[in-house]
Amino acid sequence: MTQRTRQPYGWRSQYAQEEGGWGYLQASMKGHSSHPTSSTKPSDSSLVLRAGLFRPFEEAGIALDVARGPVPGDDHAHGHGHVHERRAYPQVQLAPPSRPLEWGDVNIIHTTDSHGWLLGHQKSSFPEPNYSGDLGDFASFVAHMKELALEKDVDLLLVDSGDLHDGTGLSDGFPAGAVDGHESNKFLFELPYDVMAIGNHELYVYNVTYDMHKTFAPKLNGRYLSSNVNITVLDVFGRNVSVPVGDRYVKFKTRKGRKVTSLGVLFDFTGNDANTIVQKVEDMVKEHWFAEAIKDEPDFFLLAGHMPVKKSDNWPTVFNAIRAVHPTTPILILGGHTHIRDCVQYDGRSMALESGRYMETVGANLDKKGSTKNITFSRRYLDPNRVTYEYHSRRQNSMFDTLQGKTITKGLNDLAKQFTLSMLYGTAPHDFTLTRAPYPSNDSLLSLFAEALTYSLTVNNTRADIPHIMIATAGSQRFDIYAGPFTKNDQLTASPFANFFSYIPNIPLAVARQVLPTMNAPAALSRRREEDEERYARGDVDVQYRAWLAEMDRRTSAERRDTENATIGYVTSDSCPGIGDDIPHTPLPFFPTPDYTGSDAPTGLADDTPIDLVFDNFTQDDLLTALNALQSEKVYTGADALPYTTVLAKDVLGIYAQKYWN
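So, how was this worked out
Residues numbered from 1 in each chain as written. Predicted model: local features only at pLDDT ≥ 70, side-chain atom pairs only at ≥ 80, totals over all residues. Heavy atoms only, no water. Pairing = 2+ DSSP bridges. Helix = DSSP H or I, 4+ residues; strand = E, 2+ residues; numbered from the N terminus. Axes fitted to C-alpha atoms, helices over the stretch in contact; angles between N-to-C directions. Expected span 1.5 Å × (residues − 1). Polar contact = N/O pair within 3.5 Å; in protein donor to acceptor, adjacent residues only side chain to side chain. Phe/Tyr/Trp six-rings, centres within 6.5 Å; stacked < 30°, edge-to-face > 60°. Buried < 20%, exposed > 50% of the residue type's maximum accessible area, 1.4 Å probe, protein only. Lys NZ or Arg CZ within 6 Å of the ring centre and 35° of its normal.

The name given to the protein in an unreviewed UniProt entry is Calcineurin-like phosphoesterase domain-containing protein, and the organism recorded there is Lentinus brumalis.

Now the structure itself:
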């Protein structure tokens, strides 16, 4: 399977679709202990589940005046391209969190959808500085939070919900013959994960899945969970056998002796490679092993899985199966996949959190086993940067970095150098964004890509002098480009897909100029929206993520005026009680974008002038439909498409930048 087959139909969101998230959960097990002989009474604090996805470590900066002195609001405070290096002190000032975190008897730090963003977001244009913490910073944060947990004599767990691959040069910039994410994933071994779950991006290419099975899962010692995902491998006798990629479930005790049963479930994904199997969730809960896994009542169920928490998706199927056996046992669900932040309670004794692309925190008060009282939950969405980390860990600049954290950051920088990710193509004159600028416009990334096509595809091309119109799927662009150095890493992040380009010659200009408008017309869009369910099943979350951004923009127009001095970022509204955001932001502006982008039609030519109609392979089917609807002279098929260039979509922006941004 080639890289281009991994592209969901419309991957256009700022993920990274993109990065990853981190979170924290805290819960108080009131009167509930696995140590019946213990005389220590659990505290009355809440169970905090910090779950979130730092947008694959989205970049943020540290304000010097914040980092000096006691942490405000904490009553326990004590006195040639952009090269990937530790940002000692970012050049922008960031607001500190609005209030300390709530601690409980059980606390969970949660990560999801990191997609290779282990060096954080390193650009100075907002909202990127909000997410500038790298994996080394995070490791230091986790270590300090572990120390605080010991001081408070409470449990702290670390959990991940999948999608470690496909997002930045650290995961995708590997040399020929290597495996996506193999090197970058090694740094995750340095963190004390209690449970990790598989994501769909571990399944698009068999070699990646096999690497997770043979190399990654063993490092977790039974804690890498793939409850409904198998891989076909050879057994010791050379026979094909289907086995779980990791383990189906795990039961363990926390440091304080609380019993936990954990699953790692993937949504009903259909885009997996050959020799891998994803069992439907509704079939998984009927398996004998599942019944055995949930038979004994734990202190709480911890369900980590790569699927959204909305009630219309797959988590309720798992939840209801457990509730049929254990009507009142607390159930904590950490979801992911759609890159949004969401929080839902299926009943009064559960909470389901989707961590989007940030660090997020959930709080809950858990009472004794057998109780039927509702549990009061709270949660917080954190911006993953050093200001946030230092504030909540109560460590100042000189005391924050651990040796482990510094070693991880150095190792990531060394890997970036090994992959030559700082190789400079040019300097972007300003920001080009996917959804924060209208299309078409000078600030639109899709407009930039359309302009870049006309140069990059015609370099050393014998058909360069023949008039042409070029059309490409907007899904080939995955992340924004920001002002400043445009490097190999930026190119891999913004435009990672190996789509190839073909052309159909001798199309009359009068017909060719109507093809792109027809493809983006409401009728065509409506027809494609009917295919959304299939696209989602194959891993495309662009529709869901953009709908979330659009709703945020509509909902918070008044808030934008009220917080006009705040930096832009996510403004969260979910179904759980209380205020979730750790720091007030002005909501991100949102503009709709088409499914396809393209170059302008040639001017000064007669309507019957024959031209080349150039397009990428993900555009071909819809383009042929439009072309055949616009004329009746010929029925065009895929056999009419001829190779146009050896340049791939992932190379277009780099070639353009070398010419025009130097």
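Quick look at the sheet that holds strand β8 (residues 240-244)
Strand order in the open sheet made by the 3 strands is β8-β7-β11, with antiparallel pairing throughout. Where the open sheet ends on each side, the last strands, each with one partner, are β8 and β11 (276-278). Across this sheet, the average inter-strand angle for adjacent strands is 25°, counted without regard to direction. Strand direction decides the pairing type here: strand β7 (residues 229-234) and β8, joined by 5 bridges, are antiparallel. Among the inter-strand pairings, Asn-230 is bridged to a residue of β8, identified as Pro-244.

Quick word on helix α2 (residues 135-152)
Counting along an α-helix, one turn takes 3.6 residues, and residues three or four places apart therefore face a common direction. In this model, α2 (18 residues) spans 25 Å end to end at C-alpha, consistent with the 26 Å of a helix rising 1.5 Å per residue. Two or three places before Gly-136, at the opening of α2, Asp-134 has a side-chain oxygen 2.9 Å from that residue's backbone nitrogen. Backbone geometry just downstream of α2 places Asp-153 in the positive-phi region, at approximately 55°.

With respect to the packing of aromatic side chains
As enumerated under the stated definition, the model contains 24 aromatic pairs in all. Seen in terms of ring centroids, Phe-138 and Tyr-389 are 6.4 Å apart; in terms of plane orientation they differ by 50°. Their pairing is tilted. Placement of the pair is Phe-138 in helix α2 and Tyr-389 in helix α9 (residues 386-393), with a sequence separation of 251 residues. Both rings, one in Phe-141 and one in Tyr-389, keep their centres 4.7 Å apart while their planes meet at 25°; by these two values the pair is stacked. Of this pair, Phe-141 sits in helix α2 while Tyr-389 is found in helix α9, placing the two residues 248 residues apart along the sequence. Look at Phe-141 and you get buried, because its relative accessible area is 0%. We classify Tyr-389 as buried; its relative accessible area is 0%. Note that Arg-223 overlies the ring of Phe-252, its terminal NZ or CZ placed 4.4 Å from the centroid.

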